[in-house]
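Here are the chains, one letter per residue:
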Amino acid sequence: VLNDELYNEKLVTLKDIEEALRIEAARVTEKERIAEEERIEEERIAEEERVEVERMAEEARVEANRIAENTRIQELTINAMPLATVLAVYPEKARFRGIKGNVDLIFTITETGNVEEIRILNGYCRSSNGIARACSLFNDAAKDAAGSLRFSPIIDKGVAIRSPNKKWTFFFNP
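Only a predicted model underlies this, so the values are computations on that prediction, with no experimental measurement involved.

*Asks:* I keep staring at the sheet that holds strand 3 (residues 132-134) and nothing clicks. Help me out?
*Replies:* In a beta sheet, neighbouring strands pair by backbone hydrogen bonds and run either parallel or antiparallel. Within the open sheet, the four strands sit side by side as 3-2-1-6. Their pairing is antiparallel. In this open sheet, the two strands that pair with only one neighbour each are strand 3 and strand 6 (163-172). Here the average twist between neighbouring strands, direction ignored, is 25°. For strand 1 (residues 100-109) and strand 6, the ladder comprises eight bridges, and the chain directions are antiparallel. In the strand pairing of strand 6, Asp104 is matched with Thr169.

Structure (structure tokens):
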């Protein structure tokens, strides 16, 4: 049988077919492995995207709650009025020149009703002809007067709170 040429050709052909089947099986296995890796990667990416969407939604919810809370507190602050009228000291330099003016400030009302963190927003001077221009002539007097303001504590849900961003304007007329 070993010398049978036809038999040897068939044996070689069979070995070639077996080798081709083994190679094809390996190729199919590799293709399946790659497909599985791709599926796993797609699932990983989808999970990362889902987690990111949930994170962004949570951030948006927290931000919306923060804005709503700040708006609610700001509404309490807007209506706050001082316990007594405080007049700013009119600067002599402005009185001598007949200059009128106003200063817009912003500050925080503390839990006890005191004023802190006073900042000047705008200062304006008006000459006798009524034309307004930005100036700082009244800023110090307005800031000093703002420091003397006292408010009833702002109560939120039964608790006195710090209330930032209270706007106030002092007017100066000779």
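*Asks:* Would you mind going over the side chain of Lys166 with me for this structure?
*Replies:* Checked against the element boundaries, Lys166 lands in strand 6. The buried charged residue Lys166 lacks any salt bridge, with Asp104 as its nearest oppositely charged partner at 12 Å. Among the polar contacts listed, one links the side chain of Lys166 to the backbone oxygen of Thr77, at a separation of 3.2 Å. What Lys166 contacts, discounting residues up to four positions off in sequence, is Thr77, Ile78, Ala80, Leu105, Ile106, Phe107, Ile109 and Phe151.

*Asks:* When you look at the nonpolar core in this model, what are you seeing that I'm missing?
*Replies:* Across soluble globular proteins, nonpolar side chains have a tendency to be buried as a group. Counting 26 residues, the largest nonpolar core has Phe107, Phe138, Leu149, Phe170 and Phe172 as its most contacted members. Those elements giving two or more residues to this core turn out to be strand 1, strand 2 (115-126), helix 3 (139-148) and strand 6. Beyond its immediate stretch of four places on either side in the chain, Leu149 contacts Pro82, Val86, Phe107, Gly113, Val115, Trp168 and Phe170.

What counts and how
- Residues numbered from 1 in each chain as written.
- Predicted model: local features only at pLDDT ≥ 70, side-chain atom pairs only at ≥ 80, totals over all residues.
- Heavy atoms only, no water.
- Pairing = 2+ DSSP bridges.
- Helix = DSSP H or I, 4+ residues; strand = E, 2+ residues; numbered from the N terminus.
- Axes fitted to C-alpha atoms, helices over the stretch in contact; angles between N-to-C directions.
- Buried < 20%, exposed > 50% of the residue type's maximum accessible area, 1.4 Å probe, protein only.
- Lys, Arg positive; Asp, Glu negative; His and termini not counted.
- Salt bridge = Lys/Arg side-chain N within 4 Å of Asp/Glu carboxyl O.
- Polar contact = N/O pair within 3.5 Å; in protein donor to acceptor, adjacent residues only side chain to side chain.
- Contact = heavy atoms within 4.5 Å.
- Core = buried A, V, L, I, M, F, W, Y, C linked by side-chain atoms within 4.5 Å.

The values reported here are purely geometric and, on their own, carry no functional implication.
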